[in-house]
Amino acid sequence: MTVECDVLVVGAGPAGAVTSLACVKQGLNTVLLEKNPVVGGYTKTKLDASADGELTKVIRELKLRTENEVYTSRWYAPSGNYFLLRSSTHEYFFKRGPEADSFEVSTVKEARKEGCKVFLNTKIKMLNEVKGKVDSVTVSKGGEEIHIKPKVVVAADGGNSMFHRFVNKTSENRKKLGYGVTGEGFSDTDSSNIYFDAELIPGGYFYLITGKSGVSSACIVLDSSKAENPAKEYFKRFLGANKELAEKIKLHSNTFSGEGLIFDIDRYVSKNIVFVGDAAGLLDPFFGYGMTSAIVSGYHAGRYIKKAFEEDNLALLEGYDSKIREKFDKRLSYLYQRVFESLKNEDLELIAEILNELDKKGNLEALLGQLTGETARDVEPSINVHGT
Ligand SMILES: Cc1cc2nc3c(=O)[nH]c(=O)nc-3n(C[C@H](O)[C@H](O)[C@H](O)COP(=O)(O)OP(=O)(O)OC[C@H]3O[C@@H](n4cnc5c(N)ncnc54)[C@H](O)[C@@H]3O)c2cc1C
């Protein structure tokens, strides 16, 4: 079979799913490939949290599925004292995995409804390149061979992207390591809970979240440069010292683990290849979060690809590169990680105390927004949805 298309998206994780939906909604002939037999089948977590950073706009515009919109976050110091961060923008929880109501499955379903061709269980056998451009892709699916001729290819195949050979990748070989359990009703649904302890969780943190449907996740996140033992050991040690928390989590729940390499690529567009999500190295070096960047980069990829087609000029894809650089400047996150790693438990206690004091005196959210480089509002034009 031969398929000609405007856009070929490789990978049906959050980034690929959103890119496909954004493209197909704007009238682009879009094909999505997933190497696994089911979308979300190999996703490690069941519930992810991610901060806003333009998510609200994208979620509303593309009508994406979320679990909770959460405005408060408790930041715990080792003593159990916490600082309650109230925010005017949401943090979002996303259900992950192969169920029909997960983020990736529901987004792919919408893309399919809009006309996106989705091929599961695929293996890319050959990329045919002409002068650095991907000219065609040969895919096997079951016993069948599919020849795809795309004008633009979107690399949405995660942190080990097969398209990395088209760019220069730099890394300090640091990984974010996660180990956790999922279950039901670990905490209330209106807040995320983040625990810091420099002795028990060096260079990392522990989080506890519960979605509206009841699905809960408790996870320890560590930086491989600081972790001397497997993440599971730290998870057990931390809960051993925090019995109340351990009781809430009920240790017989399902376990999960995973890791993500922290890296940068030198460009987000190489000829007709556009990088999104983890494939673009957008995993946050401090928190290890990647949902916001996957969704927002997928959305912008759709916008710039549409623009390039409208003006019949693939060079316009460069606008995507600049946009992603502006949106996801990771320098501050790298700095926070270094500063954070140097903190002792007494510093963490003091920070919680100071934040509580500052909160009583003024607009702490605005102050923290300035520190994290977040801007108040994004006033860009929206995706001009095909047919509306
Ligand atoms: C343990 C753990 C906990 C996490 N918790 C959070 C959290 O709370 N909040 C948060 O924001 N982020 C979290 N993350 C990170 C988040 O999961 C990722 O950033 C996010 O999934 C990135 O989405 P993506 O679509 O770019 O990549 P992926 O989710 O990796 O999706 C890539 C897709 O491409 C497919 N694929 C790969 N190669 C090919 C190929 N050759 N052909 C076809 N398909 C292919 C894969 O099967 C997969 O479906 C966590 C990660 C881990 C490991």
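Residues numbered from 1 in each chain as written. Predicted model: local features only at pLDDT ≥ 70, side-chain atom pairs only at ≥ 80, totals over all residues.

A.B. asks: Before we move on, can you summarise the overall build of the chain with the specific residues and values?
C.D. replies: When helices and strands are tallied, the chain shows 10 helices and 16 strands. Taking the principal axes of the C-alpha coordinates as reference, the chain spans close to 60 × 45 × 40 Å. Split into buried and exposed, the 388 residues of the chain put 45% on the buried side. Partitioning the contacts of the chain with sequence separation of at least 6, the portion at a separation of at least 24 is 71%. (Helix = DSSP H or I, 4+ residues; strand = E, 2+ residues; numbered from the N terminus. Buried ≥ 20, exposed ≤ 12 C-beta atoms within 10 Å, placed from the backbone. Contact = placed C-beta atoms within 7 Å.)

A.B. asks: I'd like a description of the site of the ligand, backed by residues and values.
C.D. replies: As a matter of local geometry, the ligand sits amid 35 residues, with Gly11, Gly13, Gly258, Gly277 and Gly290 nearest to it. Among the secondary structure elements, those contributing two or more residues to the shell around the ligand are α1 (14–25), β3 (47–51), β7 (122–130), β14 (254–265) and α6 (291–310). Residue composition of the shell around the ligand, by class: 16 nonpolar, 13 polar and 6 charged. (Near = placed C-beta within 6 Å. Nonpolar A, V, L, I, M, F, W, Y, C, P; charged D, E, K, R; others polar.)

A.B. asks: Explain the nonpolar core residue by residue, including any values.
C.D. replies: Counting residues in each nonpolar core, the largest one holds 104 residues, and the members touching the most others are Val154, Ala155, Ile220, Val274, Phe275, Val276 and Ile305. Broken down by element, the residue count for this core peaks at 10 residues, all from α6. Leaving out residues up to four positions away in the same chain, Val154 has contacts with Val7, Val9, Val10, Gly16, Thr19, Val274, Val276 and Ala301. (Core = buried A, V, L, I, M, F, W, Y, C linked by C-beta atoms within 7 Å.)

A.B. asks: If you had to explain helix α4 (residues 231–241) to someone new, which residues and values would you point to?
C.D. replies: Every buried residue of α4 is listed here: Ala231, Tyr234, Phe235, Phe238 and Leu239. One side of α4 carries all its buried residues, which in axial view fall inside an arc of 125°. Elements in contact with the buried residues of α4: β10 (169–184), β12 (205–210), β13 (215–223), α5 (243–249) and β14. (Arc of directions from axis to C-beta.)

A.B. asks: Give me the lowdown on the packing of α1 against helix α3 (residues 103–113), citing residues and values where you can.
C.D. replies: Think of two packed helices as two axes; the pair is described by the angle between the axes and how far apart they sit. At a closest axis distance of 9 Å, the pairing of α1 and α3 adopts a crossing angle of 20°. Classified by the angle between their axes, α1 and α3 sit roughly parallel to one another. Helix-helix and strand crossings are classified by hand; for α1 and α3 the assignment is left-handed. Judged by residue contacts, Pro14, Ala17, Val18, Ser20, Leu21 and Val24 of α1 engage Phe103, Glu104, Thr107, Val108, Glu110 and Ala111 from α3. In the contact of α1 with α3, the residues fall into 8 nonpolar, 2 polar and 2 charged. (Axes fitted to C-alpha atoms, helices over the stretch in contact; angles between N-to-C directions. Parallel < 35°, antiparallel > 145°, perpendicular 65-115°, else oblique. Left-handed = near helix turned anticlockwise from the far one by under 90°.)

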